[in-house]
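The primary structure of each chain is shown beneath.
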Number of protein chains: 2
Amino acid sequence: MPQNRRFVLASRPEGEASAQNFRLETVETPALSDGQVLVRHHYLSLDPYMRGRMNEGKSYAAPQPLGEVMIGGTVGEVVESRHPRFAAGDKVQGMGGWQEWSVVDANQPGMLRKVDDSRVPLSHYLGAVGMPGVTGWYGLNRIIEPKPGKTVTVSAASGAVGSAVGVLAKARGCRAVGIAGGAEKCRYVVEELGFDACIDYREHPDLGSLSKALKQACPDGIDGHFENVGGMILDAVMLRSSAFARVALCGMIAGYDGQPIPLRHPQLILTNRMRVEGFIVSEHLDVWPEALAELGELVGSGRFRPRETVASGIEAAPEAFLGLLRGRNFGKQLVKLA
Amino acid sequence: MPQNRRFVLASRPEGEASAQNFRLETVETPALSDGQVLVRHHYLSLDPYMRGRMNEGKSYAAPQPLGEVMIGGTVGEVVESRHPRFAAGDKVQGMGGWQEWSVVDANQPGMLRKVDDSRVPLSHYLGAVGMPGVTGWYGLNRIIEPKPGKTVTVSAASGAVGSAVGVLAKARGCRAVGIAGGAEKCRYVVEELGFDACIDYREHPDLGSLSKALKQACPDGIDGHFENVGGMILDAVMLRSSAFARVALCGMIAGYDGQPIPLRHPQLILTNRMRVEGFIVSEHLDVWPEALAELGELVGSGRFRPRETVASGIEAAPEAFLGLLRGRNFGKQLVKLA
C-alpha cells in the first residue's frame, strides 16, 4: 500500500491561525477490509468553515479533534476497491481530508459519491458543482427567492459561493450586482461571470461611500442580498434595501481580536420589513440533487466558468489555507495532490 | 349637528415629541351626504406608531399632514346614518382620529366595521381584539410559528401587543416568558395573563445580567421571540437563542438623539441559523378575520383579560400619548371620549 502524507491539527490557534497549528505526518496506508475503497486524491478543497472547526468553542459543528487528519472535501480516483459499487478508475468526491490518500468505508451513506468528469472538470465538484455552489443555490432559491427583474447583490462575488449566486440570479432574470476586492476580481465578475455590475469595496473605505456606490449600481434598490462577509458591507446593503428585501447570511467576519462586529442599523429590518436568515448548507441535504443538476448543467454548457486558485502538493495546504483566510485566493481555493 | 373638538398636528417634533406639537380645535360637524355616517367616538386608541407619523422623513407610511386631525383608531356609536348598512345605535370601529365625532364615508371599504359589544367590551376592539392583538397574532403565527413545548419570549409583555403574544403562545402549548418594566407589570403578566415567567428588565441594567436572567427563565433556550423594544433586550435574547430561532420584529427603540442602536452580535443569526423578520400588520389584512375571531373568543370567554390605562376627555390625549412613549401606561392606552 502507498505511503500517505497528511496534515493533522497540532494545536488550536490563539487569535489568528498559523502554519504551526498543523503538523505533516507520513503514514502507511492500511490494507483494505471488505466494503472499503482506496482513493487517491487529485484535489483538496480549502474552505473558510475549516477555521471555525480549529477552535474548541461551542459552534454549530463539532471541533476538529487534535492529532487527527484535518477535515476537508476531496475529489480523486478509486485505485482499489473491496466494495461492489466502486471500481478502480471511478472518479469520486468525498470528505477525504488534508491527505494524499484515503481509505473510505463506502457502506456508510454519503461518504463517497461517483462523479462524471466528462463534461465537468473533476476539480469543480469541490466548487461550483459542489458544496460552495449548493450553498449559493440554497441561499438564493430558498431564502432570497428572487423574482425576475429584481436586484440581487452578493459579497465576495468572485469567490466559489458568490460566483454561483450571481450566475444563478442572472439565470432567473435578475439584475446581479457583485461586491469584491480589487479591480481584477470585479472585471472577472462582470466580464466572465456576467454580473451586471461589480463594486470594488477597496475603493469605498467608509459606509457613506460604499452605500453611494450601491445606490448607483442598484437604482431600484436591493431586493435580495447574499452575505459572505458581514460588517460594513452588510450595513451598506441594508441602507439600500427595498421593502421586503431578503438577506441570506452565509458568512460573517469578526473584528481583529475575534470580537463581533455590530450591525449598525437593525431598525431597517423593521422599517423595510426585511427578512434576515442564516443557514448552513449541510443541514439542507434535500436540495443537493436539484442544485447539483442545475449547477452541473451551467458549468458543463460553459455558461458558468468558475475560477480556481490551485496550490501544488499537500505540503502547500497550510499556507494556501492561511492565504484564503486573508482573501488572497481568486475564486475557489484548491490544492492539487495528484 | 354637534360641535366637535379635535387635535391636529401643529408642528413636527425636533427630538422628543411634546404637547406643543398638537393643537386643539373646535369645529362644526358637517351635515351628512348620502353614504355617510355620523359616529360619536367612545374611545380613542393611542399607539406608538403615531410617533413615527409625526416625522417628515421617509418611512413605510406617509407622514401625518400638518394641520389635519391626528390619525388614530376609534370605537363608538352610530348617531345618524345615510348608509343602508349602518343604523343609529350600531357599535362601530374605525380610524376616526383624535376627535370626539367623525363623519365617515361608509362606502369606502374598511372605513367602518360593526362590532358586537355583548361579550367583548367596546374598548377591547382597539386593543386585544383590534390592531394590537392582530399584530401579536401575526408575529407569533406567521413569523415565529412555534411548536408546542417550545419557548417564546416577548418584550413589553404587559402591553397591548405583548399580552396577546403571550396568551396566544400559551394557547399553543408553548412556554411563554415575558420581559417587562417593574414588579407590578411582571406580576400581572404571570398572574393574570398566565405567562410562565416574567423578567423585570429594570433589575438587570446590563447585558450580562439580563442574559443570565433569560437563561434561568428559559432553561431550554429561546425558540421564538417577539420584539417590541429592541436594543439591549434583543441583544440578550439573541445570546440565549436556540438553533433555528425566529424573531418577529415589531418595535425598535432608537437612542436618545434618534440615532439607531446597533445590534451587538449579528453573527448569532448565522451560527444559530436564525430568522429575523420585520413586519407591519396593516400589510397583512388577509389574517385579520381569523386573528380577530380567535382573540374575540379568548377575551369573550374570560381567558384573556387585557389591561387598559384610560385617560378622560379629548383634551387629555397629548399627555396620555407622551406618557405612552415614556412607558407610563400599563396595558392598552386609551382616551375615553363619551
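This text follows the structure it describes.
Residues numbered from 1 in each chain as written. Chains lettered and ligands numbered in written order. Predicted model: local features only at pLDDT ≥ 70, side-chain atom pairs only at ≥ 80, totals over all residues. Heavy atoms only, no water.

Enquirer: What's the story with helix H4 (residues 183-191) of chain A in this structure? I'm lost.
Expert: One full turn of an α-helix is made of 3.6 residues, so residues set three or four places apart face in the same direction. Residue and element names in this part refer to chain A. Among the residues of H4, those classed as buried are Lys-185, Cys-186, Tyr-188 and Val-189. The buried residues of H4 all sit within an arc of 160° when viewed along its axis, so they share a single face. On its buried face, H4 is in contact with strand S9 (175-180) and strand S10 (197-200). (Buried < 20%, exposed > 50% of the residue type's maximum accessible area, 1.4 Å probe, protein only. Helix = DSSP H or I, 4+ residues; strand = E, 2+ residues; numbered from the N terminus. Arc of directions from axis to C-beta. Contact = heavy atoms within 4.5 Å.)

Enquirer: Is there a simple way to explain the interface of chain B and chain A in this structure?
Expert: How big an interface is tends to be stated in terms of accessible area lost as the parts join. With 26 residues of chain B in contact, the opposing surface of chain A contributes 26 residues. In total, about 2,400 Å² of surface goes out of reach between chain B and chain A, with carbon and sulfur atoms giving 64% of it. Taken together, the connections running from chain B to chain A amount to four salt bridges. As a salt-bridge pair, Glu-283 of chain A and Arg-273 of chain B come within 2.4 Å of each other at their nearest N and O atoms. On inspection of chain B and its partner chain A, the count reaches eight residue pairs in polar contact (both at pLDDT 80 or more). If you list the elements that add at least two residues to the side of chain B that touches chain A, you get strand S12 (241-249), helix H7 (267-271) and strand S13 (275-278) of chain B. In the side of chain B that touches chain A, the residues fall into 16 nonpolar, five polar and five charged. Pairing of strand S13 (residues 275-278) of chain A with S13 of chain B involves three bridges; the strand directions are antiparallel. Each residue of the ladder has a partner; that of Arg-275 of chain A, found in S13 of chain B, is Glu-277 of chain B. (Buried area = accessible area lost by both parts, 1.4 Å probe. Salt bridge = Lys/Arg side-chain N within 4 Å of Asp/Glu carboxyl O. Polar contact = N/O pair within 3.5 Å; in protein donor to acceptor, adjacent residues only side chain to side chain. Nonpolar A, V, L, I, M, F, W, Y, C, P; charged D, E, K, R; others polar. Pairing = 2+ DSSP bridges.)

Enquirer: Could you clarify how one ought to interpret the side chain of Asn-4 of chain B in this entry?
Expert: Residues and elements named next belong to chain B. Relative to the helices and strands, Asn-4 resides in strand S1 (residues 3-9). Asn-4 sits in the buried class, given a relative accessible area of 5%. In this structure the side chain of Asn-4 is engaged in a polar contact, spanning 2.9 Å, whose partner is the side chain of Gln-99. A distance of 3.0 Å separates a polar atom in the side chain of Asn-4 from the backbone nitrogen of Trp-101. Beyond its immediate chain neighbours, meaning those up to four positions away, Asn-4 contacts Glu-25, Thr-26, Val-27, Thr-29, Gln-99, Glu-100 and Trp-101.

Enquirer: Explanation requested: the sheet that holds strand S11 (residues 222-227) of chain A in the structure shown.
Expert: Paired through backbone hydrogen bonds, the strands of a sheet run either parallel or antiparallel to each other. Across the sheet, which stays open at both edges, the 12 strands sit in the order S10(A)-S9(A)-S8(A)-S11(A)-S12(A)-S13(A)-S13(B)-S12(B)-S11(B)-S8(B)-S9(B)-S10(B) with mixed pairing between neighbours. Each edge of the open sheet is held by one strand with a lone partner, namely S10 of chain A together with strand S10 (197-200) of chain B. Direction aside, the axes of adjacent strands within the sheet are offset by 15° on average. Pairing geometry for strand S8 (residues 151-155) of chain A and S9 of chain A, over five bridges, is parallel. Residue Val-154 of chain A lies in a different strand from S9 of chain A, and its bridge partner there is Gly-178 of chain A. Along the sheet, H4 of chain A makes contact with S9 and S10 of chain A, crossing S10 of chain A at roughly 170°. Strand contacts of helix H3 (residues 160-171) of chain B: strand S8 (151-155), strand S9 (175-180) and strand S11 (222-227) of chain B, with the helix running at about 170° to S8 of chain B, the strand carrying the most contacts. (Axes fitted to C-alpha atoms, helices over the stretch in contact; angles between N-to-C directions.)

Enquirer: Explain the relation of the copies chain B and chain A to me, please; I cannot follow it from the model alone.
Expert: The two chain copies are connected by a rotation around an axis plus a translation along it. Screw-axis analysis of chain B against chain A gives a translation of 0.0 Å along the axis, an RMSD of 0.1 Å, and a rotation angle of 180°. The symmetry that links the two subunits is that of a two-fold axis. The share of interface residues of chain B whose copies in chain A are also at the interface is 100%, consistent with both copies meeting through the same surface. (Least-squares fit on C-alpha atoms with pLDDT ≥ 70 in both.)

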